[in-house]
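The residues making up each chain are set out below.
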Amino acid sequence: MEVFLHEKEGLKGTDEEKKKQIDCVMSWAYAWGMGGSLDFQSKERFDSVVKDQFKSAQYPPAFTVFDYWYDLKKEKVFKPWTTKVAPFLYDKEMSYFDLMVPTTDTTKYSYCLEVLLKIEKPVFFTGGSGTGKSAVISNKLVQMKEKDNFMQIAINMSAQTTSERTQKSIEEKLERTSRTAFGPPSGKKIAIFVDDINMPAVEFYGAQPPIELLRLFVDRAGMYQRGEWNWKDVNGTTLVACAAPPSGGRAVLTPRFSRRFNMLCMPEPTAGTLTTIFSQILKNFLASGFQEKVKNL
């Protein structure tokens, strides 16, 4: 909601119209802030709670509150995410594994990520393997690099990841802005993207050193300089984490750490979504040099 109210195009019209806009924005922020971490079935149940508490928002009845975004700038109405899905641009030079076909799910979670990053709020994407968590984050950070001057620090964690290596990965991209403060180059912001964040090995007493380092970093916006133990403030950086639910080598993260994040749970893709993704890739691949009779097959 903070982002919406800071928009220059903000709230216009009569007092009654402004109240309606605030109700709509607040209901949308409430739905995603409180329900963004729910799984698919729970989101459907939570839908009735939001609509009951925010009757004045008047959501369209066809779908759940998670299937709409609020157009505050122009029409002042709720619109389905399908109206915001960008067309798929095929690049035959790009690796197959780097291709991402925009869908309603990737669009809505990408939008929420951008909103939170702009106001420097830590974000945590979770969901089963294959839901596209890492792809959504990576693609959005590439877009924000050009549009919003965002730099990316990518950290892929494993059971062998140490707190020292994690700290060095962050420090390498920072510049000194004052005697005790560090941050991105002037005019830029940094997003620290940590993939598989729950993979570091758990010590005898239950701690994960890299996680404890990042917890301190999020709690106090900084870290200690190793050896000298002087405190370093770190400004203009936001942590974006990604992980599948705990299982196998993935450990349960301490709530002292996870409580700091805006949690978003990506759903499993439906059969229709998978058909859309692979048919778009195949269609564009065949269009890049195959004969018509091959395309028809």
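Residues numbered from 1 in each chain as written. Predicted model: local features only at pLDDT ≥ 70, side-chain atom pairs only at ≥ 80, totals over all residues. Heavy atoms only, no water.

**Some points on the overall build of the chain**
Link 1 in the chain: The secondary structure content of the chain amounts to 10 helices and 11 strands.
Link 2 in the chain: For the chain, the C-alpha atoms occupy an extent of roughly 60 × 60 × 40 Å along the three principal directions.
Link 3 in the chain: Expressed as a percentage of its 297 residues, the buried residues of the chain come to 41%.
Link 4 in the chain: Pairs at least 24 residues apart make up 67% of the contacts formed inside the chain by residues separated by at least 6 positions.
Link 5 in the chain: Counting every atom, the chain has about 16,700 Å² of accessible surface; 54% of that belongs to carbon and sulfur.
Link 6 in the chain: For the chain, the separation between the mean place of its 40 positive charges and that of its 35 negative charges on side chains is 2 Å. (Helix = DSSP H or I, 4+ residues; strand = E, 2+ residues; numbered from the N terminus. Buried < 20%, exposed > 50% of the residue type's maximum accessible area, 1.4 Å probe, protein only. Contact = heavy atoms within 4.5 Å. Areas by Shrake-Rupley, 256 points an atom, 1.4 Å probe, with all protein chains shown as cover. Lys, Arg positive; Asp, Glu negative; His and termini not counted. Charge placed at Lys NZ, Arg CZ, Asp CG, Glu CD.)

**Concerning the sheet that holds strand E7 (residues 189–195)**
Link 1 in the chain: On the basis of which strands lie adjacent, the open sheet formed by 5 strands has the order E4-E7-E10-E3-E11 and parallel pairing. Every other strand in the sheet has two partners, leaving strand E4 (150–156) and strand E11 (262–265) as the edge strands with one partner each. Adjacent strand axes in the sheet meet at a mean angle of 20° when their direction is disregarded.
Link 2 in the chain: Here 4 bridges tie strand E3 (residues 123–126) to E11, and the two strands are oriented parallel to one another. (Pairing = 2+ DSSP bridges. Axes fitted to C-alpha atoms, helices over the stretch in contact; angles between N-to-C directions.)

**Looking at the confidence of the model for the chain**
Link 1 in the chain: Averaged over all residues, the pLDDT of the chain equals 90, while 97% of them reach at least 70.
Link 2 in the chain: Below a pLDDT of 50 lies the segment residues 4–8, which in the model reaches 7 contacts outside its immediate sequence neighbourhood of four places, other chains included. (pLDDT = per-residue confidence, 0-100.)

**Re the side chain of Lys-43**
Link 1 in the chain: With respect to the helices and strands, the residue Lys-43 is situated in helix H3 (residues 40–53).
Link 2 in the chain: This buried residue, Lys-43, is left without a salt bridge; Asp-39 holds the nearest opposite charge, at 7.1 Å.
Link 3 in the chain: A polar atom in the side chain of Lys-43 sits 2.6 Å from the backbone oxygen of Leu-38.
Link 4 in the chain: For Lys-43, the residues in contact, after removing those within four places along its chain, are Gly-35, Gly-36, Leu-38, Phe-66, Tyr-109 and Cys-265. (Salt bridge = Lys/Arg side-chain N within 4 Å of Asp/Glu carboxyl O. Polar contact = N/O pair within 3.5 Å; in protein donor to acceptor, adjacent residues only side chain to side chain.)

**Re the environment of Thr-273**
Link 1 in the chain: In this structure, Thr-273 sits in helix H9 (residues 271–286).
Link 2 in the chain: Along the primary structure Thr-273 and Asp-105 are separated by 168 residues, whereas in three dimensions their C-alpha atoms are 8.9 Å apart.
Link 3 in the chain: Of the polar contacts made by the side chain of Thr-273, one reaches the side chain of Thr-270; its length is 2.9 Å.

**Observations concerning the pairing of E3**
Link 1 in the chain: Where burial is concerned, the two faces of E3 agree: the one with Val-123 and Phe-125 and the one with Phe-124 and Thr-126 are both buried.
Link 2 in the chain: In terms of strand pairing, E3 meets strand E10 (residues 237–243) through 4 bridges, oriented parallel. Across the sheet, residue Phe-124 finds its bridge partner in E10, namely Ala-241.

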